[in-house]
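Here is what each chain is made of, one letter per residue.
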Amino acid sequence: MGSLKFQKRVVLFMLPCLAVYFVFFIFPFLQTAAYSLTDWDGLTSFSFVGLSNFSKVFSDVIYRQAIGRIFIWALLSILLKVGTALLLAYVLRKPARGAGFTKAALFLPYIISSSAMCLIFTVMYDGDAGLVNSFLRAIGLGSLARYWLSDSSTAFFAVIMIPIYQAVGYFFVILYAGMKDIPEDLFEAGKIDGTNPLSEFARITLPSIWPTLVVCITLAINGAFQDFDYIFIMTYGGPGHASEVPATYMYKEFFDHHAFGYGSAAAVILFAITLISTSITRKGLGAAFRTE
Amino acid sequence: MAKLTFPKIGRMLVLLTASVASMLPIYWTLVNSFRSNTQIMNSFRLFPENLDFKNYASIFAVSSLPTYFLNSCITTGSAMILVGALALTCSFALSTYKFKFAKLIHLIIVAGIFIPSTTTMGMTYKLLQTLNLLGSRPGIILLYTSGRMALSIFLLTAYMKSIPDAIKEAALMDGCGPWRMLVSIVAPLSRNGLLVVMILTFIGVWNDYIWSMILLPSSSKRTLTVGLAFFRGEFFTDNGQLSACVIVGLVPILIGYLFLQDKIINGIASSAVKG
């Protein structure tokens, strides 16, 4: 007779998965941490250099600006991705004709690949025939029209508008589901107490979906720190270093300069910043409504 | 009735604006894919002048688009099967049998959700180079599989743990071995979880750009996403052909979305909240 206790055969069920996971995922991660302390060029032998890679990365003004840029990106992501999604979810939470279609339409951009989206926006940002400039000229703001991607003051923002645009539907779906779960009694109790739409939002809706909102904000920060394929495809960090982010910086160190030790240090720093920022956000914001 | 009209109209307007804004870029690209570059440069049209498939014909004749498309299908299909099989067997062992290290192994795997793949790009490249898997299909398929494992096992074990122990114990009484237990009890009862895992893998792998670019330097194995980004350089002057390329790349995702919309939306939303 069998049992749900451990038996040797169970190991066979886990072995293929664990092998693939450890060899191709965990091992390169540990290797990155280890090689960040060396001056490896990817080919010849290396020597340990202690923490000197880390101090070199930190003293590079290009990397520091790149770090600053992803924090701006994170802030804009929270405001525009999560903010727009929250607003839409709040407006559309009551049943209305066409809500299902809107949900499907809003979510559509999210499942499209970054490279297809970049191609679409390449045509949209075109200096002459692009939709953006045509629109500006049509409403009489033609003086603002420009080559968005080759202008160093707009390149970074033009690129990050693409993932921001794509992710609104994603956060909408999450927040919409969260709002559907708020019991109707709460709103009715609020009506008896005489709420207006604004106080209803602030006192009932917001506290109820707060845990979901914190998850969304954490995901938005994470996305801003990691989604570098848009920058890579659209500007490759340029013009100059005007749209450089830590991940494109790392890529260039690894694959253009073969600085595997130095690049690993930049990678470890980005990993640490991501982990620290998201856990601080989670802890800090998570506590906001706990007293209720 | 009259009192309700204003908020109702406002809501309708929001619905309409949101839908139009979400679909406009894709729709505009579809329209442009039927127009010549000169037509696109000269005027904005809501409908193409006529249904001209010239752009499609020329990208299929000149470019390696069909090869890239096939590569994407093979890579994504293999990764889906491998992720499904490995995550299913491993989650089964971790969630059904009670043993000392089950919790620890589960924790170590799930912790991988917090390791972004950008962190490991340099060393993964070196690893595949050492194993002689660089530029090969098995190499990138194994890499995608390992990258999807943390989230997949996290989701699948959650589904499997919700199967009552009584059902599994009844199966034991009937003399079910581990293999029969997986095939006839646990797998059928967690098929929704498996479907979500496969859908997420499909979207993630089909749309991936970074790994395909780093690990497949030769163009013969290149996937569609990287191919598309290359076209951005090649056809930079022809917006019509660029648009046609985009539409071809979107077709599989759009067909999947059309049929599995609710499963996709709910799957992605629930994986986010649980994660």
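Further up the page is the structure itself.
Before going into details, it helps to say that this report is about the structure given with it. These numbers come from a predicted model, not from an experiment.

1. A closer look at the overall build of chain A
Phase 1: A tally of helices and strands in chain A yields 12 helices and zero strands.
Phase 2: For chain A, the succession of helices and strands along the chain, N to C, is α-α-α-α-α-α-α-α-α-α-α-α.
Phase 3: Here the C-alpha radius of gyration of chain A, 24 Å, is well above what a compact globule of 292 residues would show, namely 19 Å.
Phase 4: Projected onto the principal axes, the alpha-carbon positions of chain A cover approximately 80 × 75 × 35 Å.
Phase 5: For chain A, with 292 residues in total, the buried portion stands at 54%.
Phase 6: Looking at chain A alone, contacts between residues at least 24 apart form 69% of all its contacts between residues at least 6 apart.
Phase 7: Between the averaged position of the 20 positive side-chain charges in chain A and that of its 18 negative side-chain charges there is a distance of 8 Å.

2. Comments concerning a nonpolar patch on the surface
Phase 1: There is a patch of nonpolar side chains on the surface, built from Leu-16, Val-20, Leu-24, Tyr-27, Leu-30, Phe-44, Leu-46 and Phe-47 of chain B and spanning about 750 Å² of accessible area.
Phase 2: Within the secondary structure, Leu-46 of chain B is located in the loop between helix H2 (37–42) and helix H3 (54–62).

3. Describing the environment of Leu-94 of chain B
Phase 1: Relative to the helices and strands, Leu-94 of chain B resides in helix H4 (residues 65–96).
Phase 2: With residues up to four places along the chain from it excluded, the contact list for Leu-94 of chain B reads Met-14 of chain A together with Phe-99, Ala-102, Ile-105, His-106, Ile-109, Ile-153 and Thr-157 of chain B.

4. What about the pattern of salt bridges?
Phase 1: For the coordinates displayed, the defined rule picks out six salt bridges over all chains.
Phase 2: Put simply, Arg-146 of chain A and Asp-151 of chain A hold a salt bridge, and the shortest N to O gap is 3.1 Å.
Phase 3: With relative accessibility at 27%, the residue Arg-146 of chain A sits in the partly exposed group.
Phase 4: Among the charged side chains, a salt-bridge network with shared partners connects Lys-98, Asp-165 and Lys-168 of chain B.

5. Structural notes on the interface of chain A and chain B
Phase 1: Taken residue by residue, the interface counts 88 residues in chain A and 90 residues in chain B.
Phase 2: In this assembly, chain A and chain B are joined by zero salt bridges.
Phase 3: Scanning the region where chain A abuts chain B turns up 11 residue pairs in polar contact (both at pLDDT 80 or more).
Phase 4: Grouping the constituent residues of the side of chain A that touches chain B by class yields 66 nonpolar, 14 polar and eight charged.

6. Here we look at the nonpolar core
Phase 1: Counting 184 residues, the largest nonpolar core has Phe-107, Phe-171, Phe-172 and Leu-175 of chain A together with Leu-94 and Ile-214 of chain B as the members making the most contacts within it.
Phase 2: Examining the composition of this core, we find that 16 residues originate from one element, helix H7 (residues 155–180) of chain A, more than from any other.
Phase 3: Excluding residues within four positions of it along the chain, Phe-172 of chain A makes contact with Ala-85, Leu-88, Ala-89, Leu-92, Lys-103 and Leu-106 of chain A.

7. Considering the packing of H7 of chain A against helix H9 (residues 197–226) of chain A
All names here are of chain A.
Phase 1: As a packed pair, H7 and H9 sit with axes 9 Å apart at the nearest point and diverge in direction by 155°. Compared by their axis directions, H7 and H9 come out roughly antiparallel. Crossing angle aside, the handedness with which H7 passes H9 is right-handed. Contacts between H7 and H9 involve Tyr-170, Phe-171, Ile-174, Leu-175, Gly-178 and Met-179 from the former and Thr-205, Ile-209, Thr-212, Leu-213, Cys-216, Leu-219 and Ala-220 from the latter.
Phase 2: Looking at the contact of H7 with H9 residue by residue, the class counts come to 10 nonpolar, three polar and no charged.

8. So, unusual backbone geometry
All names here are of chain A.
Phase 1: Phi at Tyr-236 is positive, roughly 50°, even though this residue is not glycine.
Phase 2: Within the secondary structure layout, Tyr-236 lies in the loop between helix H10 (229–234) and helix H11 (246–256).
Phase 3: Positive phi is not limited to glycine here, since His-258 has a value of about 50°.
Phase 4: Tracing the chain through its elements places His-258 in the loop between H11 and helix H12 (260–286).

9. Brief notes about H7 of chain A
Residue and element names in this part refer to chain A.
Phase 1: Under the 1.5 Å per step criterion, the end-to-end length of H7 is 39 Å for 26 residues, consistent within 8% with the ideal 38 Å.
Phase 2: Helix geometry: H7 is bent most strongly at Ala-167, by close to 30°.
Phase 3: Within H7, 21 of the 26 residues are buried, which leaves it mostly tucked inside the rest of the structure.

10. Here's the deal with the packing of aromatic side chains
Aromatic ring pairs are reported here in terms of the distance separating the ring centres and the angle at which the planes meet.
Phase 1: Applying the stated criterion to the full structure yields 39 aromatic pairs over all chains.
Phase 2: Ring geometry for Tyr-35 of chain A against Trp-40 of chain A: centres 4.6 Å apart, planes inclined by 25°, an arrangement best described as stacked.
Phase 3: Among the residues examined, Tyr-35 of chain A registers a relative accessible area of 16% and is labelled buried.
Phase 4: Classification of Trp-40 of chain A by relative accessible area gives buried; the value is 12%.
Phase 5: When the ring of Phe-107 of chain A is compared with that of Tyr-257 of chain B, the centres are 6.3 Å apart and the planes differ by 25°; the resulting orientation is stacked. Residue Phe-107 of chain A is located in helix H4 (residues 99–107), and its partner Tyr-257 of chain B is located in helix H13 (residues 239–274); the two belong to separate chains. Judged on exposure class, the residue Phe-107 of chain A and its partner Tyr-257 of chain B are both buried.
Phase 6: If you follow Lys-252 of chain A out to its NZ or CZ, it ends over the ring of Tyr-236 of chain A, 4.6 Å from the centre.

Criteria and cut-off values
- Note on numbering: residues in each chain are counted from 1, in written sequence order.
- Chains carry letters from A onward and ligands carry numbers from 1 onward, assigned in written order.
- With the structure being a predicted model, the display of local features is reserved for residues of pLDDT at least 70 and the display and counting of side-chain atom pairs for 80 or more, all residues being used for whole-chain, interface and lining totals.
- Excluded from the side-chain calculations are hydrogens and water; all other atoms, namely the structure's heavy atoms, are used.
- Secondary structure counts use DSSP, requiring at least four H or I residues in a row for a helix and at least two E residues in a row for a strand, with both numbered from the N terminus.
- What the globule rule says is 2.2 Å times the number of residues to the power 0.38, and the radius of gyration is computed from C-alpha atoms.
- Each residue is placed in one exposure class: buried if its accessible area under a 1.4 Å probe, protein chains only, is under 20% of its type's maximum, exposed if it is over 50%, and partly exposed if it falls in between.
- In what follows, a contact means two residues having at least one pair of non-hydrogen atoms within 4.5 Å.
- Charge counting treats Lys and Arg as positive and Asp and Glu as negative, with His and both chain ends excluded.
- To locate a charge, take atom NZ for lysine, CZ for arginine, CG for aspartate or CD for glutamate.
- Here the term patch refers to residues with relative accessible area over 30% and no salt bridge, with like charges joined within 9 Å and nonpolar side chains (Val, Leu, Ile, Met, Phe, Trp, Tyr) within 5 Å.
- Reported accessibility uses the Shrake-Rupley method at a 1.4 Å probe radius. Residues are deemed covered only where the shown protein chains occlude them.
- Salt bridges are identified by distance alone: a Lys or Arg side-chain nitrogen within 4 Å of an Asp or Glu carboxyl oxygen.
- Think of a polar contact as two N or O atoms within 3.5 Å of one another; within protein, one of them needs to be a possible hydrogen donor and the other a possible acceptor, and neighboring residues in sequence only count if both atoms come from side chains.
- Each residue is assigned to one of three groups, with Ala, Val, Leu, Ile, Met, Phe, Trp, Tyr, Cys and Pro labelled nonpolar, Asp, Glu, Lys and Arg labelled charged, and all others, Gly among them, labelled polar.
- Nonpolar cores are built from buried Ala, Val, Leu, Ile, Met, Phe, Trp, Tyr and Cys residues. Side-chain atoms within 4.5 Å join them into one set.
- Axes here refer to lines fitted to C-alpha atoms; in helices the fit is confined to the stretch in contact. Angles between the N-to-C directions go from 0 to 180 degrees.
- Convention used here: angles under 35 degrees read as roughly parallel, angles over 145 as roughly antiparallel, angles from 65 to 115 as roughly perpendicular, and any remaining angle as oblique.
- Working rule for handedness: look at the near helix, and if it is turned counterclockwise from the far one by less than a right angle, call the crossing left-handed; if clockwise, right-handed.
- By definition here, a helix of n residues has an expected span of 1.5 Å times n minus one.
- At any given residue, the bend is defined as the angle formed between two axes, one fitted to the seven residues that end at that position and one fitted to the seven that begin there.
- Classification of ring pairs uses Phe, Tyr and Trp, with its six-membered ring standing for Trp, and accepts pairs whose centres are within 6.5 Å; under 30 degrees between planes counts as stacked, over 60 as edge-to-face, and the remaining range as tilted.
- In our convention, an over-ring charge means Lys NZ or Arg CZ found within 6 Å of a ring centre and within 35 degrees of that ring's normal.

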